[in-house]
Amino acid sequence: MTSRMHDSLSQTTELRPFGQLVTAAGKQVSLADVVIDTLLEAVSAAKVVVLRGYRLLDPAELEAYCRMAGEILQWNFGAVLDLDVRDDPQNYLFDAGDVPFHWDGAFANKVPRFFLFQCVQGSPAGAGGETVCCDTTAVYREAPEELRALWHRTTVSYRTDKLAHYGGLLTAPLLSSHPTTGETTIRYAEPLDPARYRNPLFLTLDGISPEEAVLVMDDLRTRLHDPRYCYSHSWQTGDIVVVENHGLLHGRNGFTGSTERHLQRIQII
Ligand SMILES: [Fe+2]
């Protein structure tokens, strides 16, 4: 990292197995003081950047800040989504359960390059609700050749009802090419079983036999969650986490304790 972002740092720590934690040099530093292009360069390199100790922005400021880097994905609620646990959730994003792996924008017209969360209210230690990011470029690189050959033939169709701000039908190859680096990525949204989730997501795999489809889905269920490929973030109040969306999948662990956590999310195309 260079220029103004670097000036404002007191500490940069590598996260495991990937990612970077940047702690602000002083209490007066705001996210707005970080040059967004420099921040996103760092995210492209590290895949996940956690900023800690920076003053958060209000939603309008956050949108204006992110818009300096590109178009902002707009939804029926606007640009900034409040992620909190609600009393009467229509969608699993707003209940206390887990959110299986997916990539953002699958059901939108445009897939964001990055998304940014800011944590208005964190979770006490041990409360669960960690955000988990899987580096699918590493999963692909280290997968056995015969499995990769199966993946290359696989197309996945997704179907979900629109119960929140997204929904519909989507068909996409299981593998894609990262638009910037050219690396092979896995684009996979894990199925949501109607017995467990408010808004089921049904998958159909084509291009391979039904037996191979079962094998591929069973394997992905464990392979994508291998800790060698996953960064898990426990939220503290004030954390800002920026994630590279094209190469990673992400999800959330279920809450096991307090559900007071409140995040705000914005997506940059
Ligand atoms: Fe997401």
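Scroll up a little and you will see the structure.
Just so you know, these numbers come straight off a predicted model, no measurement behind them. Per-chain numbering applies: the sequence of each chain, read as written, is numbered from 1 onward. Per-residue local features are limited, in this predicted model, to residues with pLDDT of at least 70; the limit for side-chain atom pairs, both in listing and counting, is 80 or more; totals at the level of whole chains, interfaces and linings are taken over all residues. To get the side-chain values, take all heavy atoms of the structure and skip hydrogens and water.

Asks: Hey, could you run me through the overall build of the protein chain in this one?
Replies: Along the backbone of the protein chain there are six helices and 16 strands. Dimensions of the protein chain, computed from C-alpha atoms along their principal axes, come out at roughly 60 × 40 × 35 Å. Type-normalised accessible area, obtained with a 1.4 Å probe on protein chains alone, sets the label of each residue: buried when under 20%, exposed when over 50%, and partly exposed for intermediate values. Residue burial in the protein chain is summarised as follows: out of 269 residues, 55% are buried. Excluding contacts between residues fewer than 6 apart, the proportion of contacts in the protein chain whose partners are at least 24 apart in sequence is 78%. Note on areas: these come from Shrake-Rupley sampling with a 1.4 Å probe, and a residue is covered only by the protein chains present in the view. Carbon and sulfur atoms make up 50% of the accessible area of the protein chain, which totals about 12200 Å². Considering the protein chain, the positive charge centre built from 24 side chains and the negative charge centre built from 34 side chains are found 1 Å apart. A helix here means a DSSP run of H or I that spans at least four residues, while a strand means a run of E at least two residues long, and both kinds are numbered starting from the N terminus. Residue contacts are counted whenever heavy atoms from the two residues lie within 4.5 Å of one another. Within this scheme the basic residues Lys and Arg register as positive and the acidic residues Asp and Glu register as negative, but His and the chain ends are omitted. Note on charges: their place is set at NZ of Lys, CZ of Arg, CG of Asp or CD of Glu.

Asks: Explain the side chain of Thr185 to me, please; I cannot follow it from the model alone.
Replies: Mapped onto the elements, Thr185 comes out in strand β11 (residues 184-186). Those residues in contact with Thr185 that sit more than four places away from it in its chain are Thr136, Thr137, Leu174, Leu175, Ser176, Ser177, His178, His246 and Gly247.

Asks: In this structure, what is going on with the packing of helix α5 (residues 145-153) against helix α6 (residues 210-223)? I would like to understand it.
Replies: For any two helices packed against each other, one specifies the inter-axial angle together with the distance between the axes. Between α5 and α6, the least distance of the axes is 11 Å, while the angle of their chain directions is 115°. With respect to their mutual orientation, α5 and α6 come out roughly perpendicular. Seen along the crossing, α5 lies across α6 with a hand that is left-handed. Here Leu147, Leu150, Trp151 and Arg153 of α5 lie close against α6, whose contacting residues are Glu212, Leu215, Val216, Asp219, Leu220 and Arg223. Here the nonpolar group is Ala, Val, Leu, Ile, Met, Phe, Trp, Tyr, Cys and Pro; Asp, Glu, Lys and Arg are the charged ones; every other residue, Gly included, is treated as polar. Class assignment of the residues belonging to the contact of α5 with α6 gives a composition of six nonpolar, no polar and four charged. Angles here are taken between N-to-C directions and fall from 0 to 180 degrees, while the axes themselves are lines fitted to C-alpha atoms, restricted in helices to the stretch in contact. If an angle is under 35 degrees, it is roughly parallel; if it is over 145, roughly antiparallel; if it lies from 65 to 115, roughly perpendicular; otherwise it is oblique. Handedness of a helix crossing follows the sense of rotation of the near helix relative to the far helix, less than a right angle counterclockwise being left-handed and clockwise being right-handed.

Asks: Just to check I follow, could you spell out α5 for this structure?
Replies: Spacing of three or four residues puts side chains on the same side of an α-helix, whose turn is 3.6 residues. Of all the positions in α5, only Leu147, Arg148, Leu150 and Trp151 are classed as buried. Angularly, the buried residues of α5 cover 155° about the axis, an arc narrow enough to put them on a single face. Seen from the open side of α5, the exposed residues pointing more than 90 degrees away from its buried face are Glu145 and Glu146. Buried positions along α5 lie against α4 (136-142), β10 (175-177), β11 and α6. Regarding the arc, it is the one traced by the directions from the helix axis to the C-beta atoms.

Asks: Would you mind showing me how to read the packing of aromatic side chains here?
Replies: Each pair of aromatic rings is reported with the distance of its centres and the angle of its planes. Only the six-membered ring of Trp is used, alongside the rings of Phe and Tyr, when aromatic pairs are assigned; centres must lie within 6.5 Å, and planes under 30 degrees apart are stacked while those over 60 apart are edge-to-face, with the rest tilted. Taken as a whole and judged by the stated rule, the model has six aromatic pairs. Ring geometry for Trp75 and Phe77: centres 6.4 Å apart, planes at 15°, overall stacked. Centroid distance Tyr92 to Tyr197: 6.0 Å. Interplanar angle 80°. Geometry classified as edge-to-face. Separated by 105 residues along the polypeptide, Tyr92 in the loop between β4 (81-84) and β5 (99-102) and Tyr197 in the loop between β11 and β12 (202-206) bring together distant segments of the chain. As far as the burial class goes, Tyr92 and Tyr197 line up, both buried. Members of the aromatic cluster, joined through ring pairs, are Phe115, Phe117 and Trp235. In this scheme, the term charge over a ring applies when either NZ of a lysine or CZ of an arginine sits within 6 Å of the ring centre and within 35 degrees of the ring normal. Positioned above the aromatic ring of Phe94, the side-chain terminus of Arg86 is 3.7 Å from the ring centre. In this arrangement the basic side chain of Arg148 is found over the ring face of Tyr140, its NZ or CZ atom lying 4.6 Å from the centre.

Asks: Can you help me understand the coordination of the iron ion in this one?
Replies: Octahedral metals with six donors have ideal donor angles of 90 or 180 degrees. Tetrahedral metals with four donors have an ideal donor angle of 109.5 degrees. Metal donors: N, O and S atoms at distances within 2.8 Å, or within 3.2 Å for Na, K and Ca, with water omitted from the atom set so that some sites may seem incomplete. Around the iron ion, the donor atoms from the protein are His102 (NE2), Asp104 (OD) and His250 (NE2), and they sit 2.1 to 2.2 Å away. Read in sequence order, the donor residues coordinating the iron ion give the pattern H-x1-D-x145-H. Of this pair, His102 sits in strand β5 while His250 sits in strand β15 (residues 248-252); the two residues are 148 residues apart in sequence, bridging distant segments of the chain. Of the two residues, His102 and His250, neither departs from the other in class, the shared state being buried.

Asks: For this particular structure, what's the right way to read the pattern of salt bridges?
Replies: Proximity of charged atoms lets side chains of opposite charge pair with each other. In what follows, salt bridge is the name for a side-chain nitrogen of Lys or Arg lying within 4 Å of a carboxyl oxygen of Asp or Glu. Overall, the coordinates contain 14 salt bridges when judged by the stated rule. A salt bridge links Glu63 to Arg67, with the nearest nitrogen and oxygen atoms 3.7 Å apart. One end of the pair is Glu63 and the other is Arg67, both in helix α3 (residues 59-67) and four residues apart, which spans about a single turn. In this structure, Asp104 and Arg265 form a salt bridge, with 3.6 Å as the shortest nitrogen-oxygen distance. Taken together, the residues Asp104 in the loop between β5 and β6 (114-121) and Arg265 in strand β16 (residues 262-268) connect sequence positions 161 residues apart. Among the residues examined, Asp104 registers a relative accessible area of 5% and is labelled buried. Overlapping salt bridges, with partners in common, bring together Glu142, Asp226 and Arg228 in one network.

Asks: Got a minute to help me understand the nonpolar core in this structure?
Replies: One broad trend across soluble globular proteins is that nonpolar side chains are buried collectively. Residues enter a nonpolar core if they are buried and are Ala, Val, Leu, Ile, Met, Phe, Trp, Tyr or Cys, with the set joined through side-chain atoms within 4.5 Å. Grouped together as the largest cluster of nonpolar side chains are 60 residues, with contacts concentrated most on Val48, Trp151, Tyr158, Tyr188 and Leu224. Looking at this core element by element, the count peaks at four residues for α6. Each residue touching Leu224, except ones within four places of it in the same chain, is listed here: Phe101, Cys134, Val139, Ile186, Tyr188, Cys230 and Leu249. With 29 residues, the next largest nonpolar core counts Leu31, Leu57, Tyr65 and Phe114 among its residues.

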